[in-house]
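Results of the structural survey
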Amino acid sequence: MSKANKQQIYSGLNSKAVHAGTQRDHFGGVNTPVQPSTAIEYLNESGSVPYPRNFTIPNHEAVATKIAALEGGEAALVLATGMSAISTGILSAVQSGQHILMQSNIYGGTRAFVDILRWKHDIRVTLIDRMTPEELDSNMTGDTALVYMESPTNPLLDIIDISSVCTWAKDNRILTMIDNTFASPVNQQPLKLGCDIIMHSATKYMGGHSDLMAGALIGKNDFIERCRTLSSVYGMSLNAVDLSLLERSLKTMVLRVQKQNSNAMEIARWLSKHPLIAKVHYPGLSSHPGHEIAAKQMSGFGGMMSFELSGNDTSFRDAFLKSLSMISVATSLGGVESTMTIPAQTSHSLLTPEELNAMGIHDMLIRFSIGIEDAEDLIQDLERALQ
Ligand SMILES: Cc1ncc(COP(=O)(O)O)c(C=O)c1O
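A short note on the pattern of salt bridges
Per the counting criterion, the structure on display carries six salt bridges. Between Lys296 and Asp161 there is a salt bridge, and its shortest N-O distance comes to 3.5 Å. With a gap of 135 residues between them, Lys296 in helix 11 (residues 291-297) and Asp161 in the loop between strand 4 (144-150) and helix 6 (162-171) connect regions that are remote in the sequence. A relative accessible area of 19% means that Asp161 is categorised as buried. Between Glu225 and Arg228 there is a salt bridge, and its shortest N-O distance comes to 3.4 Å. Of this pair, Glu225 and Arg228 both sit in helix 8 (residues 221-234), three residues apart, which is roughly one turn of the helix. Overall, Arg228 belongs to the partly exposed group, its relative accessible area being 22%.

Below, the structure is given as structure tokens:
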């Protein structure tokens, strides 16, 4: 019997990353074949019309099955970008006239989408600074349909107590959705903490090589089916070539993220002792206000951190960034290579100066995505640039 017809038995995250969903070709090859066709014979087909925009191609099925297995969900949908996952997920969970309770301190693109929800969809959004049951209680209305959160947050690595928010939401029959991009399923599995819907910018740790854009939604079968219907119409599916690249990347995600976790821990400790660094935001440090909750709900603290340079001199900040040699000053995050950004100029550039100020995103704040290079080389690069 060929392996393709055997039932595979495994339970570990690495085994799921390598094997879940992956389809064999008819020569016995171990990789899912790339199927870029847009014209697909349909006379013998039943069910949905076979057309890539409708998420019908085998490359979609392979990646969606793998991501659902990695997050422990019933089903997943893979989309063109993280933002398409956010917009599809929210618009599938909430109707016009309803209300969302959203964490205020989150990724800038999501914050910018709030305006579209308000003005184009007549969906009310209350932004909440502290996602505690008391705050949620006092901001809830009769039409609240969704609690939207992110943990750890971009760029300040705030931690919220996911199970306490989800327990509150279940008691009030309200859906919960979380952006799990920073943690990745390697470090945090929100469905096990009671969350209903997970989204990822798969552009980041899932893609992992800074060479593709993708998004993912994970949840119950009926919810993912609703998302599929909506995003087929909006046209937010991903093409076969990028799906294939994403599938290849997912196979090594656990190994990459574990190295990023250990590098980040070592670098956060080093930075927190440096006299030119005013503050390090990393949930793995015991000084981080969310450390205890992070230790409870995460199996690793992740490869993302941010830090504040001492003083207010932006020319010192710019000179530091220009002096880095191995670390690139570049947008995006989660790749094998280490990168830094100034959030006010990049991920949060759509926000007003008042909004940035209220979120605590200042000019001297630098976001740091730690790659898989050797920690000693990264520390040497930082040390030289800080001189
Ligand atoms: C936490 C987080 N969520 C969502 C997104 C949006 O993802 P994408 O750029 O793939 O649309 C980003 C992008 O930086 C992000 O950092």
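From this point, things continue past the structure.
Notes on the packing of helix 3 (residues 82-93) against helix 8
Between helix 3 and helix 8, the least distance of the axes is 9 Å, while the angle of their chain directions is 115°. Relative to helix 8, the element helix 3 is oriented roughly perpendicular. Like other packed secondary-structure pairs, helix 3 and helix 8 cross with a definite hand, here right-handed. Mapping the contact onto sequence places Thr88, Gly89, Leu91, Ser92 and Ala93 in helix 3 and Phe223, Arg226, Cys227, Leu230 and Ser231 in helix 8. By residue class, the composition of the contact of helix 3 with helix 8 is five nonpolar, four polar and one charged.

Describing the sheet that holds strand 10 (residues 328-329)
Ordered by their spatial adjacency, five strands build an open sheet running 8-9-12-11-10, and the pairing between neighbours is mixed. Here the strands that pair on one side only, and so sit at the sheet edges, are strand 8 (277-281) and strand 10. Pairing of strand 10 with strand 11 (residues 339-341) involves two bridges; the strand directions are parallel. Its bridge partner lying in strand 11, Val329 is registered against Met340. Helix 10 (residues 253-272) rests against strand 8, strand 9 (304-309) and strand 12 (365-369) of the sheet, and its axis sits at about 10° to strand 9. Lying on the sheet, helix 12 (residues 314-323) is in contact with strand 9, strand 10, strand 11 and strand 12; it crosses strand 9 at an angle near 135°.

Conventions and cut-offs
Residues numbered from 1 in each chain as written. Predicted model: local features only at pLDDT ≥ 70, side-chain atom pairs only at ≥ 80, totals over all residues. Heavy atoms only, no water. Salt bridge = Lys/Arg side-chain N within 4 Å of Asp/Glu carboxyl O. Helix = DSSP H or I, 4+ residues; strand = E, 2+ residues; numbered from the N terminus. Buried < 20%, exposed > 50% of the residue type's maximum accessible area, 1.4 Å probe, protein only. Axes fitted to C-alpha atoms, helices over the stretch in contact; angles between N-to-C directions. Parallel < 35°, antiparallel > 145°, perpendicular 65-115°, else oblique. Left-handed = near helix turned anticlockwise from the far one by under 90°. Contact = heavy atoms within 4.5 Å. Nonpolar A, V, L, I, M, F, W, Y, C, P; charged D, E, K, R; others polar. Pairing = 2+ DSSP bridges.

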